[in-house]
Amino acid sequence: GQQVMQIPQYQHVQEGEDFTTYCNSSTTLSNIQWYKQRPGGHPVFLIQLVKSGEVKKQKRLTFQFGEAKKNSSLHITATQTTDVGTYFCAGHSGGGADGLTFGKGTHLIIQP
Amino acid sequence: NAGVTQTPKFQVLKTGQSMTLQCAQDMNHNSMYWYRQDPGMGLRLIYYSASEGTTDKGEVPNGYNVSRLNKREFSLRLESAAPSQTSVYFCASNIAGYNSPLHFGNGTRLTVT
């Protein structure tokens with residue numbers, strides 16, 4: 001079945017440093033979505049990428065979708081304490097009506 | 001506009017007991033989903049309902065049943081709870097399919113002793 005691998009599992013950064021999480025799929029994806037989950041909260045949708053090589057930005061967050069549509073990344077510039085949480089990617093290989101497959105997430109821990 | 005509402009928020013069961021987790025959405029979404037979240041495992045799909053009247057198995061359906069009661073409501077039932085079902089359960093909904101954003105409820109924290 002489809003697998004979505006996400007690295008790293010944990011990332012400790014000093015406030016103000018940059019952060020990147022990577023997502024890799026064993027199959028070509030039709031789309032990829034990114035979610036953020038604050039500690040004790042529920043996942044909240046951030047963005048969706050659909051096109052090969054697509055790059056989208058949301059303030060300090062930059063999302064990329066690989067040319068082969070098998071990998072994606074989320075980069076945060078100059079982290080702030082409000083960025084703390086777990087970032088998940090989720091993708092679908094297309095065909096059928098099954099739901100998204102989530103990566104295991106990257107826990108971002110920020111030290112002031 | 002409440003979004004996706006799950007009840008209960010917390011539940012403790014003994015092995016072998018049964019219970020139903022309730023989920024309702026008020027966004028007129030067609031598709032609804034049940035995920036479980038375990039430490040280090042991410043979110044895994046249990047069951048989903050692409051539209052009213054249909055349900056399908058996800059990645060980890062064993063030990064669960066679902067009912068799409070109407071367009072708004074999608075319940076998850078544990079017939080005979082096991083300690084392996086200790087988890088956080090999230091209900092989610094979206095307009096339809098895999099290419100529209102998921103809206104999650106606040107979750108149900110279930111402990112089976």
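Notes on the structure follow. (Residues numbered from 1 in each chain as written. Chains lettered and ligands numbered in written order. Predicted model: local features only at pLDDT ≥ 70, side-chain atom pairs only at ≥ 80, totals over all residues. Heavy atoms only, no water.)

### Comments concerning unusual backbone geometry
For residues that are not glycine, phi is negative in most cases, and the peptide bond is trans in most cases. With an omega of -5°, the peptide bond running from Ile7(A) to Pro8(A) counts as cis. The omega angle of the peptide bond from Thr7(B) to Pro8(B) is -10°, so this bond is cis rather than trans. Phi is positive for Lys59(A), which is not a glycine, with a value near 55°. Locating Lys59(A) in the fold gives a position in the loop between strand S6 (55-58) and strand S7 (61-65). In the Ramachandran plot, Lys69(A) falls in the positive-phi region, its phi being about 55° despite a non-glycine side chain. Within the secondary structure, Lys69(A) is located in the loop between S7 and strand S8 (71-76). (Helix = DSSP H or I, 4+ residues; strand = E, 2+ residues; numbered from the N terminus.)

### Considerations on the packing of aromatic side chains
Taken as a whole, this structure holds 13 aromatic pairs over all chains when the rule is applied. Ring centres 5.9 Å apart and planes at 65° place the aromatic pair Tyr64(B) and Tyr89(B) in the edge-to-face group. Here the residue Tyr64(B) occupies a position in the loop between strand S6 (56-57) and strand S7 (65-68), and Tyr89(B) occupies one in strand S9 (residues 87-94), the gap between them amounting to 25 residues. Residue classification places Tyr89(B) among the buried residues on the basis of a relative accessible area of 0%. Taken together, Tyr35(A), Phe45(A), Phe88(A), Phe102(A), Tyr33(B), Tyr35(B), Tyr48(B), Phe90(B) and Phe104(B) form an aromatic cluster joined through their ring pairs. (Phe/Tyr/Trp six-rings, centres within 6.5 Å; stacked < 30°, edge-to-face > 60°. Buried < 20%, exposed > 50% of the residue type's maximum accessible area, 1.4 Å probe, protein only.)

### Some thoughts on the sheet that holds strand S3 (residues 19-25) of chain B
Residue and element names in this part refer to chain B. Strand order in this open sheet of four strands is S1-S3-S8-S7, and the pairing throughout is antiparallel. In the strand order of this sheet, the two ends are held by strand S1 (4-7) and S7, each with one partner. Taking each pair of neighbouring strands and ignoring which way they run, the sheet shows an average axis angle of 15°. By the bridge criterion, three bridges tie S3 to strand S8 (residues 74-78) in an arrangement that is antiparallel. Looking at S8, one finds that Thr20 is bridged to Arg77. (Pairing = 2+ DSSP bridges. Axes fitted to C-alpha atoms, helices over the stretch in contact; angles between N-to-C directions.)

In short, shape yes, function no, at least from these values alone.
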